[in-house]
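The residues making up each chain are set out below.
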Amino acid sequence: MQILRLFAIFSVAMTFADMAHADGRPLIWNVSRVGDNGVKLRTGLQGDGRAEPSAGVTTQVLADDTGAISAVPVSIWGRVLLSSSNSPASQHTAQAQMDYDADARRARFLVSEKKSWIESSVLDMVSRRSVTIAAGGGGEAGIAAAQTLRLEFPQVGAALATTGSLDSAERTFTKSLSVEKTLYPDLTLTASLSETDSQTTATMRVDYSVKW
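Criteria and thresholds
Residues numbered from 1 in each chain as written. Predicted model: local features only at pLDDT ≥ 70, side-chain atom pairs only at ≥ 80, totals over all residues. Heavy atoms only, no water. Helix = DSSP H or I, 4+ residues; strand = E, 2+ residues; numbered from the N terminus. Buried < 20%, exposed > 50% of the residue type's maximum accessible area, 1.4 Å probe, protein only. Contact = heavy atoms within 4.5 Å. pLDDT = per-residue confidence, 0-100. Phe/Tyr/Trp six-rings, centres within 6.5 Å; stacked < 30°, edge-to-face > 60°. Lys NZ or Arg CZ within 6 Å of the ring centre and 35° of its normal. Patch = residues over 30% accessible without salt bridge, like charges linked within 9 Å, V, L, I, M, F, W, Y side chains within 5 Å. Areas by Shrake-Rupley, 256 points an atom, 1.4 Å probe, with all protein chains shown as cover. Salt bridge = Lys/Arg side-chain N within 4 Å of Asp/Glu carboxyl O. Polar contact = N/O pair within 3.5 Å; in protein donor to acceptor, adjacent residues only side chain to side chain.

Here we look at the overall build of the protein chain
When you go through the protein chain residue by residue, the secondary structure sums to one helix and 13 strands. Looking at the protein chain residue by residue over its 212 residues, the buried ones come to 23%. Of the contacts made within the protein chain by residues no fewer than 6 positions apart, 31% connect residues no fewer than 24 positions apart.

A word on the confidence of the model for the protein chain
When pLDDT is low, close inspection of the predicted coordinates is not appropriate. Looking at the protein chain, pLDDT values average 85 and 86% of them are 70 or higher. Taken together, the stretch residues 1–23 has pLDDT below 50 and engages in 27 contacts with residues farther than four places along the chain or on a different chain.

Points about the side chain of S54
Residue placement: S54 occurs in strand β3 (residues 54–63). Setting aside its immediate chain neighbours within four residues, S54 contacts I28, L45, Q46, W77, G78 and R79.

Side note on unusual backbone geometry
One non-glycine residue, R171, lies in the positive phi region at around 55 degrees. Topologically, R171 is positioned in the loop between β10 (158–167) and β11 (172–184). Even without a glycine there, the phi angle at S198 is positive, about 70 degrees. Structurally, the position occupied by S198 is in the loop between β12 (187–196) and β13 (199–211). Given the relative accessible area of 67%, S198 is considered exposed.

Some words on the packing of aromatic side chains
All chains considered together, the criterion is met by zero aromatic pairs. In this arrangement the basic side chain of R42 is found over the ring face of W77, its NZ or CZ atom lying 3.9 Å from the centre.

As for a nonpolar patch on the surface
A cluster of nonpolar side chains, contributed by I76, V80, L82, M98, Y100, F109, V111, V131, I133 and I143, occupies part of the molecular surface with about 830 Å² of accessible area. For the nonpolar patch, the secondary structure elements donating two or more residues are β5 (74–87), β6 (90–101), β7 (106–118) and β8 (124–136). With three residues, β5 is the largest single contributor of residues to the nonpolar patch. For V111, the position within the fold is in strand β7.

Let's talk about the environment of R33
For R33, the location among the structural elements is in strand β1 (residues 27–34). For the pair R33 and D207, spaced 174 residues apart in the sequence, the C-alpha separation amounts to 6.0 Å. Excluding residues within four positions of it along the chain, R33 makes contact with G38, R205, V206, D207 and Y208. Among the polar contacts made by the side chain of R33, one reaches the main-chain carbonyl oxygen of V206 at a distance of 2.3 Å.

Structure below.
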């Protein structure tokens, strides 16, 4: 059964590739890590226009501690650009995104904003904020908000980030501090310290992201 599902995932990805080649539109193809034992494949098509509309499918392959595949959730997503501005020293983007979890029958709507600017020759600053509304799937509707501030040191490939997030459905507030170091262009080492409801957790992980 797992082999059939993986074959279906591969077929969908190849279909997107054929469509992109036939229509001359860019193909979105992004592979990244999820948690400790998972991989996420994000495929889709990027359209033309000022709003830069895009849509596609996200597939995750999740494994348990023994390495056996435990779940292969699939979701459909879409995204539009709300606003964008660029200058030699700063950049600002705002976008809206929707995804629908086919297995859980749960929809999520996300509005996010990113601002980045050059503070000096050795320091860049990035601010990200987002608001997410989720509903369906037999669960309660909920709103989650997050704010992240990153200090990036491009000359040494390192960054310091602090994040605060609030989840109304879980009734939790989480704050975290992390240090990142780029080992290779697609490989990053991250050490984090987070606190949720007075419970502190320390983690260290290596993440990768590959794009075509």
